[in-house]
There are 2 protein chains.
Amino acid sequence: MAETRWLNDEEQRTWRSFLLASRLLFERVERQLKQDADISFAYYEILTRLSEAPGRTMRMADLAAACVFDRSRLSHAIDRLVRDGWVRRVPCPSDTRGQLAELTDEGMEKVRQAAHDHVEQVRSLLLDRLTLDQRTALQEISEALATGIADMPKLISMGWPSR
Amino acid sequence: MAETRWLNDEEQRTWRSFLLASRLLFERVERQLKQDADISFAYYEILTRLSEAPGRTMRMADLAAACVFDRSRLSHAIDRLVRDGWVRRVPCPSDTRGQLAELTDEGMEKVRQAAHDHVEQVRSLLLDRLTLDQRTALQEISEALATGIADMPKLISMGWPSR
DNA sequence: AGCAGGTAGTTGAAATTTCAGCAGCTAATG
DNA sequence: CATTAGCTGCTGAAATTTCAACTACCTGCT
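Residues numbered from 1 in each chain as written. Chains lettered and ligands numbered in written order. Predicted model: local features only at pLDDT ≥ 70, side-chain atom pairs only at ≥ 80, totals over all residues. Heavy atoms only, no water.

A. Focus on the protein's contact with DNA strand C. Among the 21 residues in the neighbourhood of DNA strand C, the closest are listed as A:Ser72, A:Arg73, B:Ser75, B:Arg89 and B:Arg97. Close to the protein, within 4 Å, the atoms of DNA strand C belong to sugar or phosphate groups at a rate of 64%. Within the side chain of B:Ser72, one N or O atom sits 2.9 Å away from a base oxygen of DNA strand C. With respect to DNA strand C, the side chain of B:His76 contributes an N or O atom lying 2.9 Å from a base oxygen. For the surface near DNA strand C, the per-class residue count stands at four nonpolar, eight polar and nine charged. (Near = heavy atom within 4 Å. Polar contact = N/O pair within 3.5 Å; in protein donor to acceptor, adjacent residues only side chain to side chain. Nonpolar A, V, L, I, M, F, W, Y, C, P; charged D, E, K, R; others polar.)

The following block contains the structure:
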């Protein structure tokens, strides 16, 4: 195995500042939602996605992909949202294996109520701190990264016995 | 309370693409570390910070701040790293309350071993996908965000009884 | 010295996420 | 049609993180 190609200063600084900024940002977003609306960002995001979906309904797998959850995590999370009365499970008509998660009226109300302060927070932590150029740049960068990553295989298969 | 100032399309797209990209990125980084080095990114980061610190040693609170962990999370995490023999706890000489986390030789070896593939992953997921201009922009944006957030109070005190 | 208020780190329990594996179903192949 | 590979979602247990105290100690003030 070759020598480790360490990051140079510029590379290091880019990666670390990105890491730091994202984490500080998400930490604040989480904290604010928990404090003002008593809901975690994970749940808030699920509810939001559903609220935007046609029929307030999504297939479990699609919802998981949208939220970048694995299936198991989503499954447990939906259990809890169902328990709280914000989501309902509906069998999928076109695929017997499938389940749809449907947002209830209570769930819809919950998102609405939580959204107000959340949006303000996103503005003050992210949008208001950047120039228009920076926002554009960030968007382009993010989209490039997301596209690139989505195209890559999830697991790097290494040295597989060749048949 | 005023009407919710929803994000317009451009704002929405910036925020969501940033959200998506960061999560995909961190998800891959986590997965790779787990797969190749059998360690979570959280632990890897703790070990890394310690490996760079003078004397391979840091105060708990500083380490927590560097990793954007709360104290409790760090405390539990260090428990586990101590159990695994990668970290040692040392009382702080200057402050009786304090503790120092010290990286053991085994811990150092673990970081070294994990770092190789991790660095490659950071390159292929992030650095190699951006132009030099984009890397510069991302760095500036991240630093602006991090600075801004660090300056803000953690909790928005609302409607406090005026004395 | 004695006290008030803040800081450092830990603790245990509850909540959440991860992990491995499973059962049922679909779809492609021959 | 039968086979088989792959997908869908769920489950339970283990690992981790969050939450709310709590102890011990430091700092500045009187």
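From this point, the narrative continues.
B. Examining the sheet that holds strand E3 (residues 99-103) of chain B more closely. Residues and elements named next belong to chain B. Spatial strand order, E1-E3-E2: three strands in an open sheet with antiparallel pairing. Only two strands of the sheet have a single partner each, and these edge strands are strand E1 (57-59) and strand E2 (87-91). Across this sheet, the average inter-strand angle for adjacent strands is 30 degrees, counted without regard to direction. Direction of pairing for E1 relative to E3: antiparallel, over a ladder of three bridges. When the bridges of E3 are listed, arginine 59 appears paired with leucine 100. Across the sheet, helix H3 (residues 60-67) touches E1, E2 and E3, and the angle it forms with E1 is around 90 degrees. With respect to the sheet, helix H4 (residues 71-83) is in contact with E2 and E3, its orientation differing from that of E2 by roughly 120 degrees. (Pairing = 2+ DSSP bridges. Helix = DSSP H or I, 4+ residues; strand = E, 2+ residues; numbered from the N terminus. Axes fitted to C-alpha atoms, helices over the stretch in contact; angles between N-to-C directions. Contact = heavy atoms within 4.5 Å.)

C. Quick peek at the interface of chain B and chain A. Opposite the 71 residues of chain B that make contact, chain A presents 70 residues. For the chain B and chain A pair, buried surface summed over both sides reaches about 7,400 Å², with 65% attributable to carbon and sulfur atoms. When the area that chain B buries against chain A is broken down by residue, the three leading residues are B:Trp15, B:Phe18 and B:Ile149, summing to 9%. In this assembly, chain B and chain A are joined by twelve salt bridges. (Buried area = accessible area lost by both parts, 1.4 Å probe. Salt bridge = Lys/Arg side-chain N within 4 Å of Asp/Glu carboxyl O.)

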